[in-house]
Amino acid sequence: MIKRLFDTVVSAGALLVTSPALAVVAVTIKVTSPGPVLFTQERVGQYGRTFRIHKFRTMRPDHGGLAVSGTGDPRVTRIGAILRKTKMDEIPQFYDVLRGSMSLVGPRPEVPEYVAQWPTEMRPVILSVKPGITDPASIEFRNEGDELALAQDPESHYVNSILPRKAAAYVEYVQHRSLVGDLKILGNTAKAVLLQ
């Protein structure tokens, strides 16, 4: 109850405070690239229930191809590269927190095909809590695009190398989570974004 109240108050406040910037970003996306302002995608949430996640669109609408992208991916628009670097593309997820599909802190939600790749024994643990905008793995892998850009096969590298490490970090978070710990993660996330 306390975590949900905290999530609601903070996400509502964040949307209110950032609304002028969100409007500028939305207009910039619209005038610099054809297609929708927001990107939505099916992700797996708590107890395996699926939901639609919201982000600012950072790729061309007809991009196709791989589900993951490395730094320098030509499918990413110029404004999209800036949004990804600053993590501003994630801000619409405060709406997903407000409506109860996500939490501020929790394992990052994956698409169903990647959830199926998690080790069987880890899956129920990770999905026992709401997914979050940030978590320790988000901080550790904040420059994931750079690692993917160096891989010969980015999707295979994600599935076979990055995804298992993330899953282990998700389980570690779930097993040791606390409100104080969440506050530290939020602080460390803000620091990582501001200092990169």
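The coordinates are above.
In every chain, residue numbers begin from 1 and rise along the written sequence. Since the coordinates come from a predicted model, pLDDT governs what is reported: local features require at least 70, and pairs of side-chain atoms require 80 or more to be given and counted, while whole-chain, interface and lining totals use all residues. For the side-chain quantities, the full set of heavy atoms in the structure was used; hydrogens and water were omitted.

*Asks:* What am I meant to see in the pattern of salt bridges here?
*Replies:* For side chains of opposite charge, pairing can occur when their charged atoms come near one another. Criterion for a salt bridge: a side-chain nitrogen of Lys or Arg within 4 Å of a carboxyl oxygen of Asp or Glu. One pass over the full model with this rule turns up 7 salt bridges. For the salt bridge of Glu90 with Arg108, the shortest nitrogen-to-oxygen distance reads 3.4 Å. One end of the pair, Glu90, is in the loop between α2 (78–86) and α3 (93–98); the other, Arg108, is in the loop between β3 (103–105) and α4 (112–115), with 18 residues separating them in the sequence. For every residue, the accessible area obtained with a 1.4 Å probe (protein chains only) is divided by the maximum for its type, and the residue is called buried under 20%, exposed over 50%, and partly exposed between those limits. With a relative accessible area of 18%, Glu90 lands in the buried category. The class of Arg108 is buried, set by a relative accessible area of 13%. One salt bridge in this structure joins Glu144 and Lys166, with 2.6 Å as the shortest N-O distance. Of this pair, Glu144 sits in helix α7 (residues 144–150) while Lys166 is found in helix α8 (residues 154–176), placing the two residues 22 residues apart along the sequence. Of the residues examined, Lys166 reaches a relative accessible area of 10% and is grouped as buried. The helix and strand labels rest on DSSP assignments: H or I over at least four residues marks a helix, E over at least two residues marks a strand, and numbering proceeds from the N terminus.

*Asks:* I would appreciate a short explanation of empty space enclosed by the protein in the present structure.
*Replies:* The method is simple in principle: a probe with the dimensions of a water molecule rolls over the atoms, and the space it marks as empty is what remains. A 1.4 Å probe that fits but cannot get out identifies a cavity on a 1 Å grid over protein atoms alone, an open set with protein on both sides within 12 Å along at least five of seven lines counts as a pocket, and a residue lines either if it has an atom within 4 Å of a point. Grid points are joined across faces, edges and corners, and a volume is the space filled by probe spheres set on the points. Applying the stated criterion across every chain yields a total of 1 cavity of 30 Å³ or more. The volume enclosed by the largest cavity comes to roughly 40 Å³. As for the largest cavity, its lining consists of Val44, Gly45, Gln46, Pro107, Arg108, Pro109, Trp118, Ile126, Leu127, Val129 and Pro131. Residues belonging to the lining of the largest cavity are distributed by class as follows: 8 nonpolar, 2 polar and 1 charged. Ten residue types, Ala, Val, Leu, Ile, Met, Phe, Trp, Tyr, Cys and Pro, are classed as nonpolar, four, Asp, Glu, Lys and Arg, as charged, and the remainder, Gly among them, as polar.

*Asks:* Whenever I open this one, the layout of surface pockets confuses me. Can you help?
*Replies:* Estimated volume of the second largest pocket: approximately 210 Å³. Among the secondary structure elements, those contributing two or more residues to the lining of the second largest pocket are α1 (2–32) and α9 (179–195). Looking at the lining of the second largest pocket element by element, the count peaks at 3 residues for α1. Taken together, the residues of the lining of the second largest pocket sort by class into 3 nonpolar, 3 polar and 6 charged.

*Asks:* What is the right way to read the nonpolar core from this model?
*Replies:* Nonpolar side chains in soluble globular proteins tend to be buried together. Each nonpolar core is a collection of buried residues, namely Ala, Val, Leu, Ile, Met, Phe, Trp, Tyr and Cys, held together in the definition by side-chain atoms within 4.5 Å. Among the nonpolar cores identified, the biggest contains 23 residues, and Ile29, Phe56, Leu83, Phe94, Met102, Leu104 and Ile133 are the most heavily contacted of them. Going through the elements one at a time, α1, β2 (50–56), α2, α3, β3, α8 and α9 are the ones with two or more residues in this core. Here the element with the most residues in this core is α1; it accounts for 4 residues. Throughout, a contact is declared for two residues whenever any of their heavy atoms are within 4.5 Å. Not counting the four nearest positions on each side in its chain, Leu104 is found in contact with Phe6, Asp7, Val10, Phe94, Val97, Gly132, Ile133, Thr134 and Leu186. Counting residues in each nonpolar core, the second largest holds 19 residues, with Tyr114, Val115, Leu148 and Val171 among its members.

*Asks:* Please explain the packing of aromatic side chains as it appears in this structure.
*Replies:* Aromatic rings in a pair are described by how distant their centres are and how their planes are angled relative to each other. Stacked, edge-to-face and tilted labels apply to pairs of Phe, Tyr and Trp rings (six-membered ring for Trp) whose centres lie within 6.5 Å, assigned for plane angles under 30 degrees, over 60, and everything in between, in that order. Tallied over the entire structure, the rule returns 2 aromatic pairs. Between Trp118 and Tyr170, the aromatic rings sit 6.1 Å apart at their centres with planes inclined by 75 degrees, giving edge-to-face as the arrangement. Placement of the pair is Trp118 in the loop between α4 and α5 (123–126) and Tyr170 in helix α8, with a sequence separation of 52 residues. Positioned above the aromatic ring of Phe141 is the side chain of Lys166, whose terminal nitrogen or guanidinium carbon lies 6.0 Å from the ring centre. Ring-over charges, as used throughout, are those where CZ of Arg or NZ of Lys falls within 6 Å of the ring centre and within 35 degrees of the ring normal.

*Asks:* What exactly am I supposed to notice about the pairing of β2 here?
*Replies:* Remark: a regular strand shows side chains that alternate across the two faces of the sheet. With 5 of its 7 residues buried, β2 lies for the most part within the structure. Strand direction decides the pairing type here: strand β1 (residues 38–44) and β2, joined by 7 bridges, are antiparallel. Of the residues in β2, the one forming a bridge with Glu42 is Arg52. Two strands pair under a simple rule: DSSP has to find at least two bridges between them. From the end of β1 to the start of β2, which pair antiparallel, there are 5 residues, and Tyr47 there has a positive phi angle of about 60 degrees.

*Asks:* Help me understand α8, please; the structure alone is not making it clear to me.
*Replies:* Owing to its 3.6 residues per turn, the α-helix aligns residues three or four sequence positions apart on the same side. Expected span, for any helix, means 1.5 Å times one less than how many residues it has. An ideal rise of 1.5 Å per residue puts 33 Å on 23 residues; α8 measures up with 31 Å between its terminal C-alpha atoms. At Ile162, α8 is deflected by roughly 40 degrees, the largest bend along its length, and proline Pro164 occurs up to four residues later in sequence. A residue's bend is given by the angle between axes fitted to the 7 residues ending at it and the 7 residues starting at it.

*Asks:* Help me out: how do you make sense of the side chain of Thr189 in this one?
*Replies:* Among the secondary structure elements, Thr189 is positioned in helix α9. Overall, Thr189 belongs to the buried group, its relative accessible area being 18%. Apart from the residues lying within four places of it in its own chain, the contact partners of Thr189 are Thr134 and Ile139.

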